[in-house]
Structures are given as structure tokens and as C-alpha cells.
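Letter by letter, the chains look like this.
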Amino acid sequence: MKTEEIIAKYPKIFQHYEGNPGDVNWFGVPKGWLPVVDALCGAIQKYCDSTESKPNPDYLEGSAYDPRDPRTHRYIQVPRKQVVCIQMKEKFAGLRFYTEGHDETVQGMISLAEHICSNTCEVCETREGLGYTKGWITVRCQNCAEIDGKVWLSREDWKDMHLNRAN
Ligand SMILES: [Zn+2]
């Protein structure tokens, strides 16, 4: 799966995307995280395509409920606002997915996806034996770090190093 495929699959979410393949803001999402981003976008779009209950502006105060007369309905179902992604990228070994028009529910979905990505090798998708590369910090398993010749530290070593630096 490629970033372009996800953008094409969710045109409403990526309506601000104008086909600029060199742009780091859009193409900074590593391959190993794309299934998570795909699941996130699927959940967001399904939510945006659903309706929500709102007070009926045409409600006749004190009227008896009549299923055939909408003016007697205290609440009505209205479409949700479309959430739009304005930027997605990798930063400090984490996913950043910035949106417009989100509510708390969508924010929760994004937080969950960010948490999963932080615990997923950005190359091979494994969730075991993870650590970080030095330099441009990325989350990888040791094997995927060494293939690219990057200096790799396990999470334990990384934590020790940063604790020592702080002391
Ligand atoms: Zn890996």
C-alpha cells in the first residue's frame, strides 16, 4: 500500500491534497504505518457519513409527539461535518495527523492511531523488539534499522541514555 492509494481511497478526508508528491507534509508517513492510517481514515469517514442528534429548530413547544409531523420531534438527525486532513507526517518516531472539523470522538480515533504507530516498526510493521534510530529518530526493529545502516538503540537503552543525560 502507498500513501497515494490512501489519499485516493478517502477523497473527502484528503480534499486539500492537490497532488504534490514531493511534499513532506503528505509523504512523511512511513510504509509500515499505512495500514494504521488506512484504518484510521476508514473509521473517520464512516463516522462522518453517519448522522447526529440535534435539537429541532422547528419544534413546536409543548406539542404531543406525532411520528408523521416533524414539528413535534424535539430532536432531529442531521449529517455530521466532514473531517478534513490538513497534514500527516512522521515526527519524533510518531504519527502526526492534523485535521479540521474534528470533534472529541475523532480526536480519540487519532490518538489511538498515533499510539499504535508509536508501537509499530515503520518498515516491517512488527510490534515486537522495537527501538529507535539515532539521528532522524524513527521507531524500528533492529533488523530494519541495520538494513539501512542506521545506529539503533533498544527502547531500554534509549531510556537509560536519556535518563543519564538528564542527570
Ligand atoms: Zn522492522
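These numbers were taken from a predicted model, which means no experiment stands behind them.

Our next topic: helix 3 (residues 34–48). Since the α-helix turns once every 3.6 residues, residues separated by three or four places project in the same direction. Over its 15 residues, helix 3 runs 21 Å from end to end, which matches the ideal 21 Å to within 8%, given 1.5 Å per residue. Listed as buried for helix 3 are V36, V37, L40, C41 and I44. Buried residues of helix 3, viewed axially, fall in a sector of 130°; they line one side. Elements in contact with the buried residues of helix 3: helix 1 (3–9), strand 3 (84–91), strand 4 (94–100) and helix 4 (104–118).

Turning to its location among the elements, L130 is positioned in strand 5 (residues 130–133). The buried category is assigned to L130, around which 22 C-beta atoms lie within 10 Å. Remark: the alpha-carbon pair of L130 and N143, spanning 13 residues in sequence, is separated by 9.7 Å.

When strand 5 meets strand 6 (residues 139–141), the two strands line up antiparallel, connected through 3 bridges. Each bridged residue has a counterpart across the sheet, and for Y132 the counterpart in strand 6 is V139. A loop of 5 residues connects strand 5 with strand 6, the two strands running antiparallel in sequence, and G135 in this loop sits at a positive phi of about 85°. Here 3 bridges tie strand 5 to strand 7 (residues 152–154), and the two strands are oriented antiparallel to one another. Residue T133 lies in a different strand from strand 7, and its bridge partner there is W152.

With that settled, the discussion passes to the sheet that holds strand 6. Taken in spatial order, the 3 strands of this open sheet run 6-5-7, and their pairing is antiparallel. Strands with a single pairing partner mark the edges of an open sheet, and in this sheet they are strand 6 and strand 7. On average, each strand axis in the sheet is tilted by 45° relative to the strand beside it, whichever way the strands run.

What follows is about the domain arrangement of the protein. We note that the domain assignment places domain 1 (3–120) and domain 2 (122–167) within the protein. A straight line from the C-alpha centre of domain 1 to that of domain 2 covers 31 Å. In this assembly, 11 residues from domain 1 lie in contact with 10 residues from domain 2.

Here is what the cut-offs are and how they apply
- Residues numbered from 1 in each chain as written.
- Predicted model: local features only at pLDDT ≥ 70, side-chain atom pairs only at ≥ 80, totals over all residues.
- Helix = DSSP H or I, 4+ residues; strand = E, 2+ residues; numbered from the N terminus.
- Expected span 1.5 Å × (residues − 1).
- Buried ≥ 20, exposed ≤ 12 C-beta atoms within 10 Å, placed from the backbone.
- Arc of directions from axis to C-beta.
- Contact = placed C-beta atoms within 7 Å.
- Pairing = 2+ DSSP bridges.
- Axes fitted to C-alpha atoms, helices over the stretch in contact; angles between N-to-C directions.
- Domains from an automatic or database assignment.

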